[in-house]
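Residue-level structural notes
So you can see what is in the structure, the chains are spelled out below.
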Amino acid sequence: MSEMDVDQCGDVTDNNGPRSHNSLENQGHYVLSSLAEVVERVMSFLPSKTLLRAACVCRLWRDCAWRKLKTRQKITWISSMGAGGMDLSGHSLVHVVKEELEKIYIIPEMFLYFTDSESLNDHGAHCGPKKAKKKHGSEMAVALEKLLPSECQVVGLATPGIVVTPIGSTSNQPVEMEDGESGFALLFPKIAGVKIKKFQFFKDSKCKVFDESKLEEAGLKNNPDLRVVLIFGYNTWRHGATRFLHQVLNPLNEKSIIIAGGQVEYLASFSSQTNTQGTDCIGVVGLALSGQQIQGATVLLDQDIYDEKTVDSAMQRLKAANIPTENSVGLMFACVGRGEQHYKKKNVEADCFRKHFPNVPLLGFFGNGEIGCDRVVSGSFTLRECNSEKDNLLHGYTTVMTLIHFGPSK
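One numbering rule holds for all chains: residues counted from 1, following each sequence as written. A pLDDT threshold of at least 70 governs which residues receive local features in this predicted model, and a stricter bar of 80 or more applies before side-chain atom pairs are shown or counted, although totals over entire chains, interfaces and linings include all residues. Computation of side-chain values: all heavy atoms of the structure, hydrogens and water removed.

- Going by the annotation in an unreviewed UniProt entry, the name recorded for the protein is FIST C-domain domain-containing protein, with Staurois parvus given as the source organism.

Here's what the structure looks like:
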């Protein structure tokens, strides 16, 4: 006979006779109010919002909750496909973010999101296209920011098309959404040894030369820990945009730094502090990713690549960097002229990425120009031979495919 049995009536007994429910409750109270290892084990199953509520119960729970949150350093993404409603706050991405924030296991410190520009215009068709962009893009930004922690930094952009991996599993098949309502967000938690800093520059009509000292202020120059720069140009259809982009990019063109991005339709959000001048002018925004544990690689699919076999060769070069796939994300920045009309078949590039990286989420967009080049860096190893000339970073009718690893997620 064991020390504890259950009799036919369901009463708990031991060798000393029946135990009262009060006794069990007292034991449970003692365990959950005194044994940190038990409390932390229970809390490991709780999403962050529930964990923060639990932290208000007592000092022990607060300490356990914050210890668990500090260990959660995995990059998280949220994506949406399909219509969300007639009003802008009902955009599918807003709806999905609202739902998923209740379930995620991190506290986001940086929130980078992309949405298709056409659905924003459709929602605001009565205002006219230009007014729709400004009005409804800002409405969506406000709706998203209300859902996030007040200290979370936000960067949002609208593009002609979106590349998404459906939420639920890193092994889900990515989809090239060249048409239709869609969007995604990358959520970056606080990661030990990693610094993620957003930046914004815009063209000053009174000054023809870009002030390079701004790059150093943004952590983009004289920063030995800088590993990856994600960079996006907006309002680049305006006169002088190409010259401005070159002025920003040329000082960053170093072999040891991964540079990837593209030209979007417009800036939707740079958090609530975005000023009117910064959104209406030719501008550049992005993220500087610093930290010795970050690893990255990028390959350029040139405009003369038309078949799956050649795309596969490019993915093999990306694979050759041997970058860890755990706590990594794939980014695809493609020209609006590629996709199905380029290959005469849907989802060619996204499918090829999934073939070689079956457990890495792929996210990105179809835009108006691409930023990046062939650059595969793993530690001090550069796959491609460096020459004395600068790489050309601005392209058209190409795809920039990037893989970034943020270190172990603990």
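**Quick look at the pattern of salt bridges**
- Throughout this description, the term salt bridge denotes a Lys or Arg side-chain nitrogen within 4 Å of a carboxyl oxygen of Asp or Glu. Within this structure, the stated rule accounts for 10 salt bridges.
- With a closest N to O distance of 2.6 Å, R67 and E40 form a salt bridge. One end of the pair, R67, is in helix α4 (residues 59–71); the other, E40, is in helix α2 (residues 36–43), with 27 residues separating them in the sequence.
- A relative accessible area of 39% means that R67 is categorised as partly exposed.
- In this structure, the salt-bridge partner of E254 is K221, at a minimum N-O distance of 3.1 Å. Of this pair, E254 sits in the loop between α9 (241–249) and β12 (258–263) while K221 sits in the loop between α8 (213–217) and β11 (226–234), placing them 33 residues apart in sequence. Only runs of H or I of at least four residues qualify as helices and only runs of E of at least two qualify as strands under DSSP, and these elements are numbered from the N terminus. The buried label applies to any residue whose accessible area, calculated with a 1.4 Å probe on protein chains only, is under 20% of its type's maximum; exposed applies above 50%, and partly exposed to all values in between.

**Comments concerning α2**
- Those residues of α2 lying buried are V39, E40 and M43. Across the axial projection of α2, the buried residues extend over an arc of 95°, all falling on one side. Along α2, the residues that are exposed and aim more than 90 degrees away from the buried face are E37 and R41. Read the arc as the range of directions from the helix axis to the C-beta atoms.

**Quick notes on the packing of α2 against α4**
- The N-to-C vectors of α2 and α4 enclose an angle of 55°; their axes lie 9 Å apart at closest approach. With respect to each other, α2 and α4 are oriented oblique. For α2 against α4, the interelement crossing comes out right-handed. Here α2 contributes A36, V39, E40 and M43 to the contact with α4, which in turn contributes L60, W61, C64, A65, R67 and K68.
- Three classes are used: nonpolar for Ala, Val, Leu, Ile, Met, Phe, Trp, Tyr, Cys and Pro, charged for Asp, Glu, Lys and Arg, and polar for all others, with Gly counted as polar. Grouping the constituent residues of the contact of α2 with α4 by class yields 7 nonpolar, no polar and 3 charged. Angles here are taken between N-to-C directions and fall from 0 to 180 degrees, while the axes themselves are lines fitted to C-alpha atoms, restricted in helices to the stretch in contact. Here is the rule for angles: anything less than 35 degrees is roughly parallel, anything more than 145 is roughly antiparallel, 65 through 115 is roughly perpendicular, and the remaining ranges are oblique. Two helices crossing with the near one rotated counterclockwise from the far one by less than a right angle form a left-handed crossing, whereas a clockwise rotation gives a right-handed crossing. In what follows, a contact means two residues having at least one pair of non-hydrogen atoms within 4.5 Å.

**A closer look at the sheet that holds strand β5 (residues 110–116)**
- Spatial ordering of the open sheet is given by β4-β9-β5-β6-β13, a layout of 5 strands whose pairing is mixed. Because the sheet does not close on itself, it has two edges, and the strands there are β4 (76–81) and β13 (266–269). Put simply, the sheet's adjacent strands are angled 20° from each other on average, direction ignored.
- Both β4 and strand β9 (residues 182–188) contribute to a ladder of 6 bridges, which runs antiparallel. Looking at the pairing, I78 lines up with A185 of β9. One requirement defines pairing of two strands: DSSP has to find at least two bridges between them.

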